[in-house]
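# Reading the structure
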Amino acid sequence: MKLELLSASNFLVHLVRLARRNVPESQLQKFHECLIEVLRRRYRDHWFPEKPFKGSGFRCIRINGKFDQLIGSAGEAAGLSSKFLHSIFPSELTLWIDPLEVSYRIGENGSICVLYEHKDGVTEPWRPTHLPHSKPTSSSSSTNSSTQNNNRNRGVIVSSDVVGSPANCKDSLALSGLILDGKSVSIEQLAAFVSS
């Protein structure tokens, strides 16, 4: 559960950073810690590594006009109001935090992108690539067949071995110009691209 919660928390804090609202780094770190604790408590009895999609709806973080209470309570504990956080997160965001995989979708019709996927030898959570503490991750086109089937059932775009096609969501964003020289664009630009 540790790597999944770290990946999800890293992603949510990254979205706050992308909003460029000058939130102090110490407050972002506190928000990160509060997110992990709130999620850990909520998922403690709803975590089934042997059946990763059991309880997926319960563990899903959803913003669709209404702001998810888990994010709000973690924000309040870190001194960030729910109203402030709601104003900077995408209006449509779904984040699935499941054993062995963390994925998200921005927009109702956006592609589902995998942030973290358990693989042998993977000991680090997802981190934004442009932060100084992050380590580069390698894009692998090999995915086990059960993950591919589960992803197809959810509507996830699974990368193919076609030459010239992006290997993952991050690569497709880089090719479209939304990630340039390690700098990301605004949430609004990202949401517009994903939902197109």
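Now for a description of the structure that goes with this document. Here the structure is a predicted model, which means the values were calculated and not measured.

## Describing the overall build of the protein chain
From N to C terminus, the protein chain includes 8 helices and 6 strands. Secondary structure elements of the protein chain, listed N to C terminal, follow the sequence α-α-α-β-α-α-β-β-β-α-α-β-β-α. For the protein chain, with 196 residues in total, the buried portion stands at 42%. Taking all contacts inside the protein chain whose residues are at least 6 apart in sequence as the whole, residues at least 24 apart take part in 61%. Total accessible area on the protein chain is roughly 10,700 Å²; 51% of this is exposed by carbon and sulfur atoms.

## Thoughts on helix 2 (residues 25–43)
In this model helix 2 runs 27 Å from its N-terminal to its C-terminal C-alpha over 19 residues, within 8% of the 27 Å that 1.5 Å per residue would give. Taken together, the buried positions of helix 2 are occupied by Leu-28, Phe-31, His-32, Cys-34, Leu-35, Val-38, Leu-39 and Tyr-43. Buried residues in helix 2 make contact with helix 1 (2–18), helix 3 (56–59), strand 1 (61–64), helix 4 (69–77), helix 5 (82–88) and strand 2 (92–98).

## Some points on the packing of aromatic side chains
According to the stated counting rule, one finds 4 aromatic pairs in the structure shown. Geometrically, the ring pair formed by Phe-11 and Trp-126 is edge-to-face, given 5.8 Å between the ring centres and 75 degrees between the ring planes. With a gap of 115 residues between them, Phe-11 in helix 1 and Trp-126 in the loop between strand 4 (113–117) and helix 6 (145–154) connect regions that are remote in the sequence. Trp-126 shares its class with Phe-11; the two are buried. Seen in terms of ring centroids, Phe-67 and Phe-89 are 5.9 Å apart; in terms of plane orientation they differ by 45 degrees. Their pairing is tilted. Taken as a pair, Phe-67 in the loop between strand 1 and helix 4 and Phe-89 in the loop between helix 5 and strand 2 lie far apart in primary sequence, 22 residues in all. Taken together through their ring pairs, the aromatic side chains of Phe-11, Tyr-104 and Trp-126 make up a single cluster. The positively charged end of Arg-42 is found above the aromatic ring belonging to Phe-58, 3.9 Å away from the centroid.

## Some thoughts on the sheet that holds strand 1
Read across the open sheet, the 4 strands follow the order 1-2-3-4; overall the sheet is antiparallel. Each having just a single partner strand, strand 1 and strand 4 make up the two edges of the open sheet. In this sheet, adjacent strand axes meet at a mean angle of 10 degrees when their direction is disregarded. Pairing geometry for strand 2 and strand 3 (residues 101–106), over 6 bridges, is antiparallel. Paired with Leu-93 across the two strands is Ile-106, which belongs to strand 3. With respect to the sheet, helix 1 is in contact with strand 1, strand 2, strand 3 and strand 4, its orientation differing from that of strand 2 by roughly 160 degrees.

## Describing the nonpolar core
Of all hydrophobic cores here, the largest spans 39 residues; its most connected members are Leu-12, Phe-31, Phe-89, Leu-95 and Ile-97. Counting only elements with at least two residues in this core, the list comes to helix 1, helix 2, strand 1, helix 4, helix 5, strand 2, strand 3 and strand 4. Top element by residues in this core is helix 1. It accounts for 9 residues. When residues no more than four places from it in sequence are discounted, the contact partners of Phe-31 are Val-13, Val-16, Ile-71, Ala-74, Gly-75, Ala-78, Leu-80 and Leu-85.

## So, helix 4
Of all the positions in helix 4, only Leu-70, Ile-71, Gly-72, Ala-74 and Gly-75 are classed as buried. Packing partners of the buried residues in helix 4 comprise helix 1, helix 2, strand 1 and helix 5. One side-chain oxygen at the N-terminal end of helix 4 lies 2.9 Å from the backbone nitrogen of Leu-70; it belongs to Asp-68. Following helix 4 by one or two positions, Gly-79 adopts a phi angle in the positive range, close to 85 degrees.

## A few points about the environment of Glu-4
With respect to the helices, strands and loops of the structure, Glu-4 is situated in helix 1. Along the chain, Glu-4 and Glu-101 lie 97 residues apart, while their C-alpha atoms are 6.7 Å from each other. Filtering out sequence-adjacent residues up to four positions away, Glu-4 remains in contact with Trp-47, Ile-97, Asp-98, Pro-99, Leu-100, Glu-101, Val-102 and Tyr-116. Side-chain polar atoms of Glu-4 contact the backbone nitrogen of Leu-100, separated by 2.7 Å.

Definitions and cut-offs
- Residues numbered from 1 in each chain as written.
- Predicted model: local features only at pLDDT ≥ 70, side-chain atom pairs only at ≥ 80, totals over all residues.
- Heavy atoms only, no water.
- Helix = DSSP H or I, 4+ residues; strand = E, 2+ residues; numbered from the N terminus.
- Buried < 20%, exposed > 50% of the residue type's maximum accessible area, 1.4 Å probe, protein only.
- Contact = heavy atoms within 4.5 Å.
- Areas by Shrake-Rupley, 256 points an atom, 1.4 Å probe, with all protein chains shown as cover.
- Expected span 1.5 Å × (residues − 1).
- Phe/Tyr/Trp six-rings, centres within 6.5 Å; stacked < 30°, edge-to-face > 60°.
- Lys NZ or Arg CZ within 6 Å of the ring centre and 35° of its normal.
- Pairing = 2+ DSSP bridges.
- Axes fitted to C-alpha atoms, helices over the stretch in contact; angles between N-to-C directions.
- Core = buried A, V, L, I, M, F, W, Y, C linked by side-chain atoms within 4.5 Å.
- Polar contact = N/O pair within 3.5 Å; in protein donor to acceptor, adjacent residues only side chain to side chain.

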